[in-house]
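Survey of secondary and tertiary structure
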Amino acid sequence: MSDPPATRLECAGCGAAPDARAPFRCANTGRDDLDHIVARRLDTARVTFPRTGAANPFVRFRALLHSYHAARAGGMSDADFVALVEELDRAVAAVDGRGFVTTPFAGSGALGESLGFASGGGVWVKDETGNVSGSHKARHLFGLALLLEVMERTGLATRAEHDRRGLAIASCGNAALAAAVVARASRRPLKVFIPPDADPRVVERLQSLGARIAVCARAVGEKGDPCVHAFHRALDAGALPFCCQGSDNGLTIEGGETLAWEIAAALAGEGRALDRLFVQVGGGALASACAQGLREAVSLGALARLPRLHAVQTFGAFPLRRAYERARARILARLGGASGADDTAAAERMRAPDAADVVREELRHAQTHRSEFMWAWEEPPKSIAHGILDDETYDWHAVVTGMIESGGWPVIVSEERLAEANALARSSTGIRVDHTGSSGLAGLIELRSSGLVAPDESVAVLFTGVER
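Here the structure is a predicted model, which is why all the values come from computation and not from measurement.

It is worth spelling out the overall build of the protein chain at this point. A count of helices and strands for the protein chain gives 17 helices and 12 strands. Relative to a compact globule of 468 residues, whose C-alpha radius of gyration would be 23 Å, the protein chain shows 21 Å and is just as compact. With respect to the three principal axes, the spread of C-alpha positions in the protein chain is 55 × 55 × 45 Å. Out of the 468 residues belonging to the protein chain, those deemed buried represent 59%. Look at the contacts in the protein chain between residues 6 or more apart in sequence, and 73% of them connect residues 24 or more apart. Averaging the locations of the 52 positively and 57 negatively charged side chains of the protein chain gives two centres separated by 3 Å.

What follows covers helix H17 (residues 439-449). The element H17 is extensively covered by neighbouring structure, given that nine of its 11 residues are classed as buried. Turning to H17, its buried residues are Ser439, Gly440, Leu441, Ala442, Gly443, Leu444, Ile445, Leu447 and Arg448. Two residues or fewer after H17 comes glycine 451, characterised by a positive phi angle close to 80°.

Per the counting criterion, the structure on display carries 10 aromatic pairs. Their ring planes at 55° and their centres at 4.7 Å tell us that phenylalanine 58 and phenylalanine 142 sit as a pair that is tilted. Of this pair, phenylalanine 58 sits in helix H1 (residues 57-60) while phenylalanine 142 sits in helix H5 (residues 137-153), and the two are 84 residues apart along the sequence. The pair formed by phenylalanine 58 and phenylalanine 142 is uniform in burial state, with each residue classed as buried. Summarising the aromatic geometry, the rings of phenylalanine 105 and tryptophan 124 are spaced 4.9 Å apart at their centres and angled 40° between planes, so their arrangement reads as tilted. With phenylalanine 105 in strand E3 (residues 105-107) and tryptophan 124 in strand E4 (residues 122-127), this pair connects stretches of sequence that are 19 residues apart. Each member of the pair, phenylalanine 105 as well as tryptophan 124, carries the same accessibility label: buried. The lysine or arginine in question, arginine 448, covers the ring of phenylalanine 117, its NZ or CZ lying 5.2 Å from the ring centre.

Parameters and conventions
Here the residue index of a chain counts from 1 through its sequence in written order. Only residues with pLDDT of at least 70 get local features here, since the model is predicted, and only at 80 or more are side-chain atom pairs given and counted; chain-wide, interface and lining totals rely on the full set of residues. Excluded from the side-chain calculation are hydrogens and water; included are all heavy atoms of the structure. The secondary structure listing takes helices from DSSP runs of H or I that are at least 4 residues long and strands from runs of E that are at least 2 residues long, numbered from the N terminus. For a compact globule the rule gives 2.2 Å times the number of residues to the power 0.38, and the radius of gyration it is set against comes from C-alpha atoms. Categorising residues by exposure relies on relative accessible area from a 1.4 Å probe, with only protein chains included: less than 20% of the type maximum marks a residue as buried, more than 50% marks it as exposed, and the intermediate range marks it as partly exposed. For this analysis, residues touch if any pair of their heavy atoms sits within 4.5 Å. Charge counting follows a simple rule: Lys and Arg are positive, Asp and Glu are negative, and His as well as the terminal groups are ignored. Where a charge lies is defined by one atom per residue type: Lys uses NZ, Arg uses CZ, Asp uses CG and Glu uses CD. Ring pairs shown here join Phe, Tyr and Trp side chains whose ring centres sit within 6.5 Å, with only the six-membered ring taken for Trp; geometry is labelled stacked below 30 degrees between planes, edge-to-face above 60, and tilted in between. Ring-over charges, as used throughout, are those where CZ of Arg or NZ of Lys falls within 6 Å of the ring centre and within 35 degrees of the ring normal.

Structure below.
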């Protein structure tokens, strides 16, 4: 008998194993107040972290991917899987003019100097603006496309069934563009739910890529994103979630993890550690992917320790900070800590060894009482950083867990800080990043100006989207 795969799928909320023919959402979603998200569990004792390898991250890190282990379990060889990645990547390049390669991650002396970092520290930048479709989002969607191909080639599903159901996403920005590129490359039908005020240039590009568009206006008094509501109705009718929200397709997180693994490999190659990572958060999939990917890199020995994870949101909408504060208050109350403790003190108290049991119990309470912690922002959110204006942080629990585990916390920034960060990012690095893509830097500037980041620390920011 062959060994079981090194990955397995289960709902992080209720523990149920999803149907192998439809592993994207837990069947219990919507039945209670649990946060039902399909999670990929990796047996790190059975795999090795590839510190070097192919330029394509889906080839290099294939032994960490569920799609790879599903392929091997279904009879595909290692060479078969590599050939599949390369075939799909060539199709992506034919559509978008570029395929997937490891994106730059390097220290920026000019940016570090601007922020007053000493020679012992500095600012590292992960530049995703040159990635497929101009952002990190395509990583998530390519991972999903790979799994769909594996399911069809191993007999778990048929192409006809997948095409009948079609792909769906709610987005009017980088996620929609990435989904449209990957869907076109894999010759799959895609429906995109967008708001009336979507950028005409984005709409035109979506149409040119063959996506079907549904415009969703917000009704008076409606709570939550109307595009997401329409998207969910499509899923209920059978559409396949081709999205960047882990709550609707838990396996989208895995493709995003390739970004974190690239960071870990680069740091390991330099023999460096990272003190903090600032990640801009809208729906939360990127921060969730970073938390999980870096956690696995530590478990696999590529990193000595986790950097503090700081999620960054705007005052225009910060549902994640609201959820974090509610969870933190419950934890500190049980630990006997002051509920008014500052962020640093609270973070240190919660990651102390004697707090582990309380933290675990309270995070489980939050996971099973979602409505107490996460709900739609009461007013239509507004910001120059359009890409982090999700009404809800869909992957909130994984991000809150990652911050508490690492000793980080969420940072809220003003519109002025977002503008300042974007101007500094572009002038210091020459990278044509948009306001959403540089908003993690706004969080760093906020903490640096408050004296909460020391000049000798080593920190990283993600520039995630190109200015269009």
